[in-house]
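Working through the structure, step by step
Spelled out from the first residue to the last, the chains are:
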Amino acid sequence: MSKNNLMNAIPLIAAGLADKLDVKVIIRGSGAYTDGKVINLPHFEIKNDKHKQSMLGYLSHEAAHIKYESFKDIDETQVANPLIQNLWNIFEDVRIENCLIAQYKGCAGWIDQTIKHIGMEARGKNIKEIFFDFILLHSRCTHRRQYFLAPEVKIAENKLAKETSVMFVGRLITEIDSKLGGLKSSLSALKLAEDVHKFLNSILDEEKTQANESDTSDQGESGKSKQDKSDQGAFEAIKEILETSAHDNPVQNVFDDFISQQEVNTCVREIPVSRLIRCETTDCHIEPGHELHASSKSSSNQLAARLRSLVQAEKTVRAKTSTSGLNLNNRVLYRGGIGDNRIFKTKKVIKKVDSIVEIVLDKSGSMRTRMTQATTALGAIAIALNGISGVNVTASCFPATNHCCDSIELLSENEKINNLFPRLASVDADGYTPSYNALIHSITKVMNSRKTNKVIFFITDGLPARTQRIEFENLLKQASNQISVVGIGIGIGSVTERMQTYFDEFICINDVSELKKKLFDVAKKHIIN
């Protein structure tokens, strides 16, 4: 499987976004929606990178509804009027997306791609559709800075001016632009919708006033008569807009349209998408972090020295002789006199070490009696590999808490290695074994790294949770062409053979002292060579 195909898997997309935006996602069923707390997403088939960006745009938009409280303080009776509800939806979408982009700038391009994927156009055929087309396109182009919509805004503006008047369109723009950019809450977006509704009604009040004045004025001038007919047409159009009902459905919803076009893999079971929880503890000098650092360093010294010497040997440049080249080897020029043409100097190509190594620790309840051994092993691996130039070490553990499938980030890429130990020392064994969720986070992390060689060490004492075994095995197969995933079993005993069927390479240790030789062989194979 190619890198794009692996990273386009919907569980990895959802997990990456859940981590980034701190929202909950669950993959199940055939419907996509949010209840204000969780995003429900079917297992869609993602076809290419642009399709992936469009899906991220959809997820970002839905996540924004949750993060920026679209439903807070809104009573159903306040949006009972269909006109107000449709206007509120448009203004609220602009508000939440702007809030999201202010915090996560990369989301702007994803949401733009979703809209480009479907196409947002001035396609209204009746006055209600034309009115909402203009509100939608103008609001997004002007206040969401989606300037690629500008041609459609112009079309929608001309169509609305034709049905009403240029003056009406100008006043409508002023009404919206004076407030839309400064919305602070969902309630303020609703207030703007209500203000636009009042504005439309005020236009009709003006009509009544003009009608009364016309009854007492001279009707003989033809120019004035034409103007009256034009105004009357505009007033009739506004009356029709105000009569918008729940059955009209006049607003384009590109996000619903996007979801309706997706292909769903219905064979996949429900997958709760976990989050990667950041651990903030960084003081390595406090107990018990200091003790763990000392014991891990003691266990890793010999291994680290052997690995560094191996790397140095690979980098040592040795001169060789060849029958052609640009530089002569002065020491063997005599060979020319005896018919041996090997007198040119060449250099051995240096193998560059450019690896990221993610170390994942299973801290489920069954690991309780092995945690000291396991954390020391993880620390020893991290210290040993961190000492190799060109290797970045990261680490995580799972589950975050009992009855939870989240993981804990112990060490991020390019972070100081000392930050690992106080976090690792605070880890307690608890919960079940959501290995599939943990592997998703680890794969996402190494695939997002710029390092060319990607390795995961998966430390565990047993099988994945029963409900995740098929998904875990399939994910390992999908990743095998891009990532070296090495299983490290600690005292797993009777399930050794079963674990070996999951991993292309699996090593088993009963004591941390065994780690030195076995890890040396693994590192030599996957990281250095």
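Every value quoted in this text rests on a predicted model; they were computed, and no experiment measured them.

The next subject is the overall build of the protein. A tally of regular secondary structure across the protein gives 18 helices and 14 strands. Looking at the protein residue by residue over its 529 residues, the buried ones come to 52%. Across the protein, contacts joining residues at least 24 apart in sequence account for 75% of those joining residues at least 6 apart. Roughly 25200 Å² of accessible area belongs to the protein as shown, and the carbon and sulfur atoms make up 47% of that amount.

On to the packing of aromatic side chains, then. Overall, the coordinates contain 9 aromatic pairs when judged by the stated rule. Ring plane angle 40 degrees and centroid distance 5.6 Å describe the contact between Phe 398 and Phe 458, whose orientation is recorded as tilted. Taken as a pair, Phe 398 in strand 10 (residues 391-398) and Phe 458 in strand 12 (residues 453-460) lie far apart in primary sequence, 60 residues in all. A relative accessible area of 0% places Phe 398 in the buried class. The buried category is assigned to Phe 458, whose relative accessible area is 1%. On the numbers, 5.6 Å between centres and 70 degrees between planes, the contact of Phe 472 with Tyr 502 is edge-to-face. Residue Phe 472 is located in helix 16 (residues 469-479), and its partner Tyr 502 is located in helix 17 (residues 496-502); the two are separated by 30 residues in the primary sequence. Taking the relative accessible area as the measure of exposure, Phe 472 reaches 1% and is therefore buried. For Tyr 502, a relative accessible area of 6% gives the class buried. Here a set of aromatic residues connected by ring pairs shows up, and it is made of Phe 398, Phe 458, Phe 472, Tyr 502, Phe 503 and Phe 506. Between the NZ or CZ atom of Lys 116 and the centre of the ring of Phe 148, over which it lies, the distance is 4.8 Å.

Pro 399 follows Phe 398 through a cis peptide bond whose omega is -10 degrees. On the secondary structure map, Pro 399 appears in the loop between strand 10 and strand 11 (407-411). Despite not being glycine, Asp 22 has its phi angle at roughly 60 degrees, a positive value. Among the secondary structure elements, Asp 22 is positioned in the loop between helix 2 (10-21) and strand 1 (24-27).

Scanning all chains against the criterion turns up 20 salt bridges. Between Glu 263 and Lys 47 there is a salt bridge, and its shortest N-O distance comes to 3.1 Å. One end of the pair, Glu 263, is in the loop between helix 11 (254-260) and strand 4 (271-273); the other, Lys 47, is in the loop between strand 3 (38-41) and helix 3 (49-67), and 216 residues separate them in sequence. For Lys 47, a relative accessible area of 53% gives the class exposed. Across the salt bridge formed by Glu 92 and Arg 95, the nearest N and O atoms sit 2.8 Å from each other. Of the two residues, Glu 92 and Arg 95 are both situated in helix 4 (residues 82-103); the distance of 3 residues between them amounts to about one turn of the helix. On the accessibility criterion, Arg 95 (6% relative accessible area) is buried.

Looking at the secondary structure, you find Thr 164 in the loop between helix 7 (150-163) and helix 8 (166-180). What makes Thr 164 buried here is its relative accessible area of 5%. Within the structure, the side chain of Thr 164 is placed 2.6 Å from the backbone oxygen of Leu 160, a separation counted as a polar contact. Sequence-distant contacts of Thr 164, that is, excluding residues within four places in its chain, are made with Ile 127, Val 169, Ala 234 and Ala 237.

With that settled, the discussion passes to helix 3. Compared with an ideal rise of 1.5 Å per residue, which puts 19 residues at 27 Å, helix 3 spans 26 Å between its outermost C-alpha atoms and is within 8% of the ideal. Summarising burial for helix 3: 15 of the 19 residues are buried, a large majority. Capping the start of helix 3, Asn 48 holds a side-chain oxygen 3.2 Å from the backbone nitrogen of Lys 50, two or three residues further along. Taken from the residues just after helix 3, Glu 69 is the one with a positive phi, measuring 55 degrees.

With that settled, the discussion passes to helix 7. Taking 1.5 Å of rise per residue, the 14 residues of helix 7 would be expected to cover 20 Å, and the 20 Å separating its terminal C-alpha atoms lies within 8% of that figure. What helix 7 keeps buried is the set Val 153, Ala 156, Leu 160 and Ala 161. Considered in projection along helix 7, the buried side chains sweep an arc of 135 degrees and stay on one side of the axis. Residues Pro 151 and Lys 162 are exposed on helix 7 and point more than 90 degrees away from its buried face. On its buried side, helix 7 packs onto helix 6 (127-143) and helix 8.

Attention shifts here to the packing of helix 4 against helix 6. At a closest axis distance of 10 Å, the pairing of helix 4 and helix 6 adopts a crossing angle of 15 degrees. Between helix 4 and helix 6, the interaxial angle falls into the category roughly parallel. In this structure, helix 4 crosses over helix 6, and the sense of that crossing is right-handed. Counting all contacts with helix 4, which are made through Leu 83, Asn 86, Leu 87, Ile 90, Phe 91, Asp 93, Val 94, Glu 97 and Asn 98, the residues of helix 6 involved are Phe 131, Phe 132, Ile 135, Leu 136, Ser 139, Arg 140 and His 143. Of the residues assigned to the contact of helix 4 with helix 6, the class counts are 9 nonpolar, 4 polar and 3 charged.

What follows deals with the environment of Gln 500. Among the secondary structure elements, Gln 500 is positioned in helix 17. Classification of Gln 500 as partly exposed rests on a relative accessible area of 41%. Spatially, the C-alpha atom of Gln 500 lies 8.1 Å from that of Gly 487, the residues being 13 residues apart in sequence.

Read from one edge of the open sheet, 7 strands run 5-11-10-9-12-13-14, paired in mixed fashion. Taken across any chain shown, the strands that pair with only one partner, and hence form the sheet edges, are strand 5 (276-278) and strand 14 (505-509). Strand after strand, the sheet turns through a mean of 25 degrees between neighbouring axes, direction not considered. Bridge analysis of strand 13 (residues 484-490) against strand 14 gives 5 bridges, and the strand direction is parallel. Note on strand 14: the bridge partner recorded for Ile 488 is Ile 507. Along the sheet face, helix 13 (residues 371-386) touches strand 9 (355-362), strand 10, strand 12 and strand 13 and points at about 175 degrees away from the line of strand 9. Those strands touched by helix 15 (residues 435-447) are strand 5, strand 9, strand 10, strand 11 and strand 12, and its axis lies near 155 degrees from that of strand 12.

Quick notes on the rules
Residues numbered from 1 in each chain as written. Predicted model: local features only at pLDDT ≥ 70, side-chain atom pairs only at ≥ 80, totals over all residues. Heavy atoms only, no water. Helix = DSSP H or I, 4+ residues; strand = E, 2+ residues; numbered from the N terminus. Buried < 20%, exposed > 50% of the residue type's maximum accessible area, 1.4 Å probe, protein only. Contact = heavy atoms within 4.5 Å. Areas by Shrake-Rupley, 256 points an atom, 1.4 Å probe, with all protein chains shown as cover. Phe/Tyr/Trp six-rings, centres within 6.5 Å; stacked < 30°, edge-to-face > 60°. Lys NZ or Arg CZ within 6 Å of the ring centre and 35° of its normal. Salt bridge = Lys/Arg side-chain N within 4 Å of Asp/Glu carboxyl O. Polar contact = N/O pair within 3.5 Å; in protein donor to acceptor, adjacent residues only side chain to side chain. Expected span 1.5 Å × (residues − 1). Arc of directions from axis to C-beta. Axes fitted to C-alpha atoms, helices over the stretch in contact; angles between N-to-C directions. Parallel < 35°, antiparallel > 145°, perpendicular 65-115°, else oblique. Left-handed = near helix turned anticlockwise from the far one by under 90°. Nonpolar A, V, L, I, M, F, W, Y, C, P; charged D, E, K, R; others polar. Pairing = 2+ DSSP bridges.

That's the geometry; what it means functionally is another story.
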